[in-house]
Amino acid sequence: MSSPCVSSIIGTGSYMPEKILTNEELSKIVDTSDEWITTRTGIKERRIAADNQATSDLATAAALRAMESAGVKPEDIDLIVVATVTPDMPFPSTACFVQKNIGASNAVCFDISAACSGFLYALQVARNFLNAGTRSTALVIGAEKLSTLVNWTDRNTCVLFGDGAGAVVIRAVDSATEAPGRVLSTIMGSDGNLVNLLRVPGGGSACPITAENIDSRLNTIHMEGKETFKHAVTRMCQASEKALEMAGLTKEDISLVIPHQANARIITAIADRLDLPHEKAFMNVDKYGNTSAATIPVALDEANRQGRLKRGDIVLLVAFGGGFTWASSVIRW
Ligand code: UT7
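Parameters at a glance
- Residues numbered from 1 in each chain as written.
- Predicted model: local features only at pLDDT ≥ 70, side-chain atom pairs only at ≥ 80, totals over all residues.
- Heavy atoms only, no water.
- 1 Å grid on protein atoms, 1.4 Å probe; cavity = no way out; pocket = protein on both sides within 12 Å on 5 of 7 lines; lining within 4 Å.
- Points joined across faces, edges and corners; volume = space filled by probe spheres on them.
- Nonpolar A, V, L, I, M, F, W, Y, C, P; charged D, E, K, R; others polar.
- Salt bridge = Lys/Arg side-chain N within 4 Å of Asp/Glu carboxyl O.
- Helix = DSSP H or I, 4+ residues; strand = E, 2+ residues; numbered from the N terminus.
- Buried < 20%, exposed > 50% of the residue type's maximum accessible area, 1.4 Å probe, protein only.
- Domains from an automatic or database assignment.
- Contact = heavy atoms within 4.5 Å.
- Polar contact = N/O pair within 3.5 Å; in protein donor to acceptor, adjacent residues only side chain to side chain.
- Expected span 1.5 Å × (residues − 1).

Q: Explain empty space enclosed by the protein here, please?
A: Over the atoms rolls a probe the size of a water molecule, and in doing so it shows where empty space is left. Applying the stated criterion across every chain yields a total of one cavity of 30 Å³ or more. Roughly 30 Å³ of internal volume is contained in the largest cavity. If you go around the largest cavity, the residues you meet are Gln 261, Asn 284, Tyr 288, Gly 289, Thr 291, Ala 294, Thr 295 and Val 298. Residues belonging to the lining of the largest cavity are distributed by class as follows: three nonpolar, five polar and no charged.

The structure is reproduced here in C-alpha cells:
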C-alpha cells in the first residue's frame, strides 16, 4: 500500500444463546417483578448460555458469522482480540480457543479486560496494529458468559445481566481509498480510583477461590448501581463529544448512536444530553440485558442486518464499565 493504512470494519456477526430468561421467571427466583425491572432498566428478558457453552463457544459462533459477512477465510485472519471478563480460564486466553475453533493458524491472539468498555478498547488496540501496518485483518470480539458471575440471590444485580457475543472483522486499507466502515476516531479513558463501585472481588489473586469466599458470594458481581449510573451518563457523553471532535464532526452529523446496553434510562439520558432524538439511539437492552463487552458488537451487527446502517452514515459507538473505563469510537459506514 502506498498511503498510510486506516482500519475499516468489513463484516459483523453475533451469537445469542437460545435459552431466554424472562422477568416473570426471575420474579420466581428473587423478590422482584416485571414491572420494576421494566420501568427501572427497560430489560424484559436476557439470554443464558448452556452449561456446556463456554465464552469461547459464543465468541466462535459470532466470529464465524462476522467472517462470513466479511467474506474472509480463517487463514486471512492475522490478529484475534477478545474482550471479556468471563474468559474460559485464567489462561490460555479465550482468543486462543477461538483461534483453535476457527482454524486461524496465522493469527496472534490475546484477550483484553476492560469490562463493558472492552470491545471498544479491543477495537482500538487492533486498529493500532492495522494502522501501523504490522497486521492486516483482525477479528475483534466482545463475548461474555456473565451468568457465571451473577449472584442469583441478589435482586439488585441478577436482573441486569445476560450472555452473548458479537464480533467484527476489520481490515487495513489504503487511506487514499474511500473504504466503507472506516474507523475515524477512538478515545478511551479509565479511573482506577473507582474500582470498588463495580467489581467481582473474589476469584483472582487478591482474593483466591476458597469455600468461604464462595459462601460469601465474593466470586459474583458487586455494584453500587446509583453511583455507577451517574458516572456512566457523564463519561459516555464526554467520550462521545471527544470522539466526534477528534473525527472533525459534530452531533448533527450522527446517523445512529450505538451505546453500551446497561439500562434504557442511561441510553435515553445520553440521547437527551447529546440533543439526539431517541430513535437515533440503538436499543436492544430489552431483549438481552447487559452483556458487558458484547453489547456494542451485538447491537452493531443487529443494526447492520436490520438495514439501519447506510453507506456513508456516521455511527457513534460509546461504552462505559467497571474500572471505571469508558471509550467512544466514530465510524463512517
Ligand atoms: O455495565 C456497566 C454500567 N452499568 C450500569 O451503568 C448500571 C447502572 N445502574 C443502574 O442501571 C441502576 O442504578 C439500577 C438498575 C442498578 C438500579 O436502579 P435505581 O433506580 O438506581 O434503583 P435503586 O438501586 O435506587 O433501588 C431502588 C429500590 C431499592 O429499595 P429501597 O431501598 O428504595 O426500599 C432496592 O432495594 O429498588 C429496590 N430494588 C428492587 N426492587 C425490585 C433493587 N433491585 C430490585 C429488583 N426488584 N430487582
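Q: How do you make sense of the pattern of salt bridges when you look at a structure like this?
A: A pair can form between side chains of opposite charge whenever their charged atoms are brought close. The final tally for this structure, using the stated rule, is six salt bridges. Glu 241 is paired through a salt bridge with Lys 251; the nearest N and O atoms lie 3.7 Å apart. Residue Glu 241 is found in helix α8 (residues 225-246), and its partner Lys 251 is found in the loop between α8 and β11 (254-259); the two are separated by ten residues along the sequence. For Glu 241, a relative accessible area of 36% corresponds to the partly exposed category. Notably, a salt bridge pairs Asp 301 with Arg 305, separated by 2.7 Å at the nearest N-O pair. In this pair, Asp 301 and Arg 305 are both assigned in helix α11 (residues 295-305), four residues apart and thus about one turn of the helix distant.

Q: Please explain the domain arrangement of the protein as it appears in this structure.
A: Size of an interface: often given as the accessible area lost when the parts come together. Each assigned domain of the protein is listed with its residue range as follows: domain 1 (5-174) and domain 2 (182-332). Facing the 51 residues of domain 1 at the interface are 48 residues of domain 2. Between domain 1 and domain 2 we count zero salt bridges in total. At the boundary of domain 1 and domain 2, one finds 25 residue pairs in polar contact (both at pLDDT 80 or more). Those elements that provide at least two residues to the side of domain 1 that touches domain 2 are β1 (5-15), α2 (34-41), β3 (45-48), α3 (55-70), α5 (118-131), β6 (137-145) and β7 (163-174).

Q: Help me understand α8, please; the structure alone is not making it clear to me.
A: An α-helical turn contains 3.6 residues, so a residue and the one three or four places further along point in the same direction. An ideal rise of 1.5 Å per residue puts 32 Å on 22 residues; α8 measures up with 31 Å between its terminal C-alpha atoms. Following α8 by one or two positions, Gly 248 has its phi on the positive side, about 75°.

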